[in-house]
Amino acid sequence: MPERTETESRKLLRRLRDTLAEAGAGQERLDRITHLIADSMRTEVCSIYLFRDAETLELCATEGLNPEAVHQTRLKLGEGLVGRVARSATPVNTGNAPQERGFRYMPETGEEIYSSFLGVPIQRLGERLGVLVVQSREARQFSDDEVYGLEVVAMVLAEMTELGAFVGEGEALAAPHQHPVLFRGLTGQEGAAEGHVWLHEPRVVVTNLVADDPTAEIERLRNAVNKLRVSVDDMLSRAAGAEKDQMEILQTYRMFAHSRGWMRRMEEDISRGLSAEAAVEKEQSLARNRMQQAPDAYLRDRLHDLDDLSNRLLRILTGQGRNTGAEMPANPVLVARNIGPGDLLDYGRSLRGIVLEEGSVGSHAAIVARALAIPLVIHAERITTEALNGDHILVDGDNGVVHLRPEDTVAAAFRDKIAMQAKAQERYASLRQLPAQAKCGTTIGLHMNAGLMADLPSLEGSGAEGVGLFRTELQFLVRNQVPKRGELAALYARVLDAANGRRVVFRTLDIGSDKVLPYMKPQDEPNPAMGWRAIRLGLDKPGVMRMQLQALIRAANGRPLTVMFPFVAQFEEFTKARDHTLHALEAEARLGHAVPEKVEIGAMLETPSLAFAPRQFFEMADFISIGGNDLKQFFFAADRENERVRRRYDTLNVSFLSLIEQIVRRCDDAGTPLSFCGEDAGRPIEALCIAAMGVRTLSMRPASIGPVKHLIRRTNLTEARSVIDVARNSGAQSVRPAVMEWLTTQG
Ligand code: PEP
Ligand code: MG
């Protein structure tokens, strides 16, 4: 790297910093900057293009091109060389611009006389603001040093824009972190919330981008990297003996922390005038860009590791800890890349809403958010880079949409929506004591799903008749080790106390598939959803199952007990699990413990095979509950966690309804009570149709009981069934359109 370039670029950065500090209107400052850069780079032209909106770039200042073109020339993303730089977020460097692929001649600028072109993105931490271009008559490629130098300048420029220094014609140049941003993600949990951002891991704020003494800065960087290495080594030695996956992640961290290339690039940036923090951040920006473009999930994960490592390094350099001392705002809405169920439980019900960049509908965080009835939006890409603590935020869990720093009109419309929902809730509350009796006289039992102690208060408020599904694995998922029998017995006893005589269906541990316990040896299975999970695991390793059954019997302490086994695929699995329960009862009685006055042992029907099990199965089971989430995924062979296929098949598809009809018939023949406890039981139209097919008990999220009861009480199930049957006979794929039309005519 030639010494001259380093000194030059340091000088330029310093002059840029001074310009930033000077007074003056935004435009004037922007003009001064293009002049400075052209002068320093020895080019005839320097131009700054900034985003007007997500798709349009505008020439906002220039030295060398026709000044009349400023604020007139606009380009679409991907259009011309400037658009190409903006879209790819990588530099374009050419000695012969007109010959370059995608070149677009803009006569109003007078640029036809300039042969060479170098454009770099103006960006910070993956946030793209515009493009910085230098051009000259001389037909030459710019050297790597010059490209590098211009990138450094562009980064400092990005920071200036962030400070709101440039105000072009007004609206479009509002500084980032001030303008409204809309995120379209996916629904994790329905509901609407208004509040203020609370970052789970606040961003490190770097304010000193330019430094005067490169030697001192390099020294600071080296010291910080040494500390980082020690801390990674520490993590590695503490994790000795941990699972292979965790060790692998730490090894990658270690590799990155010792990467010579990483270190060299950061030191070069410092030589060009950046501070140590800015150099780290520049590398982090590049990694984030690559992350957005990496096609391969493994590579993306590794780039994520590098991102994490950069954050750690920035924390060391700036001394900013995770706890910034900031106070949690009123009505906090948690914003995070991802969060574990344990952390989420720590926040508990204090949160109004949750927005994640990652996550999936079936993830543990989503399960906990659902249990706590907190609106959750997942896959809100880049929200952690956009949001700042305290920002005003609206979470629309129904549509998977988030408004960050919304306009007043948007916020007002949103509040109307919340008010309407609150009104509906009031209406539902007035139904609380009334039965879900349809117009035809049939009454449907409405129960709630639960999994945490925190769910139990909803039993009163929702008007649920009991707990139709208690997912016991949540207690296992939120801990770092297998809970002890005594702990579990105490917890189950508290659940029964809270239920106060109402029936609670305890489902035994349903782990495996996506529900991997942190302390369980991960199984390397090609298809975990169809793998070693739930009852399969329970029967192969009966120790935990036995322990859980004992805990349940002790918790009941003489009271009635209802146990349900998940994911039964064939009769024998049920008989074996049932035998374990009967043995446990005998053993407990022998030990002198009180045995429940009544024990019901049921099975979840979650695989199509069980619908075709021998008659004896239906006779032996005390009750059966359709686990619609799993049953549907296996019936249609469509992964419930895969966003691409999850919604492809309608629950009201005629084939699925025929399967339900068959299950109803078989249970009726055997005189076995049947319920439905998948998510669909909580969706009013679906619930109505499932009831019309003959299922008499539904178990759902507590918040769904009101809406489902409201609809059932207003409809005649016999008529609904006729509408469904006519649609089934018509060759329709789904009965939904016919049912919707009928409901509309019913008002
Ligand atoms: C189901 O599969 O429908 C069900 C209720 O169980 P889970 O969602 O816990 O798998
Ligand atoms: Mg299931």
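Residues numbered from 1 in each chain as written. Chains lettered and ligands numbered in written order. Predicted model: local features only at pLDDT ≥ 70, side-chain atom pairs only at ≥ 80, totals over all residues. Heavy atoms only, no water.

Visitor: So what's going on with the sheet that holds strand β5 (residues 116-124)? Residues and values would help.
Guide: Overall, antiparallel pairing links the six strands, which are arranged β3-β2-β1-β6-β5-β4 in an open sheet. Looking at which strands have only one partner, the edges of the open sheet turn out to be β3 (74-76) and β4 (92-94). On average, each strand axis in the sheet is tilted by 25° relative to the strand beside it, whichever way the strands run. Of the strand pairs in this sheet, strand β1 (residues 45-53) and strand β2 (residues 56-63) are connected by seven bridges, and their pairing is antiparallel. Considered in β2, the bridge of cysteine 46 is made with glutamate 63. Each of β1, β2 and β6 (127-136) is contacted by helix α2 (residues 26-41), which is oriented at about 70° to β2, the strand it contacts most. (Pairing = 2+ DSSP bridges. Helix = DSSP H or I, 4+ residues; strand = E, 2+ residues; numbered from the N terminus. Axes fitted to C-alpha atoms, helices over the stretch in contact; angles between N-to-C directions. Contact = heavy atoms within 4.5 Å.)

Visitor: A description of unusual backbone geometry should follow, citing residues and the corresponding values.
Guide: We note that asparagine 331 has phi near 50°; this positive angle belongs to a residue other than glycine. Mapped onto the secondary structure, asparagine 331 falls in the loop between α9 (297-318) and β10 (332-336). By relative accessible area, which is 33% here, asparagine 331 ends up partly exposed. Not every positive phi belongs to a glycine, and phenylalanine 567 is a case in point at roughly 60°. Tracing the sequence through the fold places phenylalanine 567 in strand β19 (residues 561-568). (Buried < 20%, exposed > 50% of the residue type's maximum accessible area, 1.4 Å probe, protein only.)

Visitor: If you had to explain the coordination of the magnesium ion (ligand 2) to someone new, which residues and values would you point to?
Guide: Donor atoms from the polypeptide that bind the magnesium ion (ligand 2) are Glu606 (OE) and Asp630 (OD), placed at 2.0 to 2.1 Å. Taken as a pair, glutamate 606 in the loop between β20 (599-605) and α20 (608-611) and aspartate 630 in helix α22 (residues 628-635) lie far apart in primary sequence, 24 residues in all. Exposure class is identical for glutamate 606 and aspartate 630. Each is buried. (Donors = N, O, S within 2.8 Å, 3.2 Å for Na, K, Ca; no water.)

Visitor: Before we move on, could you go through the pairing of β19 and cite the residues and values that matter?
Guide: In terms of burial, β19 is largely enclosed, as eight of its eight residues are buried. Relative to β20, β19 is paired through six bridges, and the arrangement is parallel. The residue bridging phenylalanine 565 from the neighbouring strand is alanine 603, located in β20.

Visitor: Tell me about the packing of aromatic side chains, and please be specific about residues and values.
Guide: Counted under the stated rule, the structure contains 10 aromatic pairs. When the ring of phenylalanine 635 is compared with that of phenylalanine 636, the centres are 5.3 Å apart and the planes differ by 80°; the resulting orientation is edge-to-face. By relative accessible area, which is 15% here, phenylalanine 636 ends up buried. An angle of 40° between the planes, with centres 6.0 Å apart, marks the rings of phenylalanine 636 and phenylalanine 656 as tilted. Here phenylalanine 656 lies in helix α23 (residues 654-670) and phenylalanine 636 lies in the loop between α22 and α23, a separation of 20 residues in the sequence. Residue classification places phenylalanine 656 among the buried positions, given a relative accessible area of 0%. (Phe/Tyr/Trp six-rings, centres within 6.5 Å; stacked < 30°, edge-to-face > 60°.)

Visitor: Pulling in residues and values, what's your account of the site of ligand 1?
Guide: Taken together, 14 residues surround ligand 1, and among them Arg471, Arg507, Glu606, Asn629 and Arg640 come closest. Arginine 471 places a side-chain nitrogen or oxygen 2.8 Å from an oxygen atom of ligand 1. The separation between an oxygen atom of ligand 1 and a polar side-chain atom of arginine 507 is 2.8 Å. Relative to its unbound accessible surface of 290 Å², ligand 1 loses 99% to contact with the protein. (Near = heavy atom within 4 Å. Polar contact = N/O pair within 3.5 Å; in protein donor to acceptor, adjacent residues only side chain to side chain. Areas by Shrake-Rupley, 256 points an atom, 1.4 Å probe, with all protein chains shown as cover.)

Visitor: Give a description of the packing of α23 against helix α26 (residues 717-729) that names residues and reports values.
Guide: With their axes 11 Å apart at the nearest point, α23 and α26 run at an angle of 125° to one another. The angle between α23 and α26 falls in the class oblique. By crossing handedness, the relation of α23 to α26 is classed as left-handed. Seen from α23, the contacting residues are Val654, Leu657, Ser658 and Glu661; seen from α26, they are Arg721, Ile724 and Arg728. Of the residues in the contact of α23 with α26, the class split is three nonpolar, one polar and three charged. (Parallel < 35°, antiparallel > 145°, perpendicular 65-115°, else oblique. Left-handed = near helix turned anticlockwise from the far one by under 90°. Nonpolar A, V, L, I, M, F, W, Y, C, P; charged D, E, K, R; others polar.)

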